[in-house]
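# Geometric and topological summary
For reference, the chains in residue letters:
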Amino acid sequence: MDFKNRFIQIKKKAREKNVDFSICLLNSISLTYLVSVKLSFWVWQNIDGMSLSPMIYNLLSYLPFLLWSVITVVSIDKITLGMIYFSSFIQKLVLKGIRSEEHTSELQSRFG
């Protein structure tokens, strides 16, 4: 299954769950960027005391972009699918809260 077909299947899943696909895709891209920056920062902190060649230090300045590219290519479809499930779950919780609030206010107006 190629990359395009995977995203077509994910779009179908988003439509089934009544979730906006583009927001979930942007959230997953943002999450991968955040993870790559955090991992790069951790690597930079641990490499600080080592004696490495200047060329390696120069290459390490591109580490966030490299990590972000690798994480995105490897797992963007899985993270997007996870974001779809997460958004669907949150939407259900919000709707459940709205319904219970409407029901509570309706009871208070009748008996209150």
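Above this text you will find the structure in question.
Note that the structure is predicted; figures quoted are calculated from it, not measured.

F7, I10, A14, V19, F21, C24, I76, M83 and I84 together form the largest nonpolar core, which totals nine residues. Contributing elements (two or more residues each) for this core: α1 (3-16), α2 (21-47) and α4 (63-111). With residues up to four places along the chain from it excluded, the contact list for V19 reads A14, C24, I84, S87, S88 and Q91.

Before going further, it helps to examine the side chain of D77. By secondary structure assignment, the location of D77 is in helix α4. D77 gets classed as buried once you look at its relative accessible area, which sits at 7%. Dropping the residues within four chain positions of it, D77 is found in contact with R6, F7 and I10.

Quick look at α1 now. Since the α-helix packs 3.6 residues into each turn, any two residues three or four apart lie on the same face. For α1, with 14 residues, the first-to-last C-alpha span of 20 Å sits near the 20 Å given by 1.5 Å per residue. Those residues of α1 that sit buried are F7, I10 and A14. Summarising the axial view, the buried residues of α1 lie within an arc of 55 degrees, below the 170-degree limit, and thus occupy one face. The outward face of α1, more than 90 degrees from its buried face, is lined by the exposed residues R15 and E16. Directly beyond the C-terminal end of α1, a positive phi value near 55 degrees is found at N18.

A surface patch of nonpolar side chains, amounting to about 650 Å² of accessible area, comprises F86, F89, I90, L93, V94, L95 and I98. As for its position among the elements, V94 is in helix α4.

Rules behind the numbers
- Residues numbered from 1 in each chain as written.
- Predicted model: local features only at pLDDT ≥ 70, side-chain atom pairs only at ≥ 80, totals over all residues.
- Heavy atoms only, no water.
- Core = buried A, V, L, I, M, F, W, Y, C linked by side-chain atoms within 4.5 Å.
- Buried < 20%, exposed > 50% of the residue type's maximum accessible area, 1.4 Å probe, protein only.
- Helix = DSSP H or I, 4+ residues; strand = E, 2+ residues; numbered from the N terminus.
- Contact = heavy atoms within 4.5 Å.
- Expected span 1.5 Å × (residues − 1).
- Arc of directions from axis to C-beta.
- Patch = residues over 30% accessible without salt bridge, like charges linked within 9 Å, V, L, I, M, F, W, Y side chains within 5 Å.
- Areas by Shrake-Rupley, 256 points an atom, 1.4 Å probe, with all protein chains shown as cover.
- Salt bridge = Lys/Arg side-chain N within 4 Å of Asp/Glu carboxyl O.

Read these as layout, nothing more, since geometry by itself doesn't imply function.
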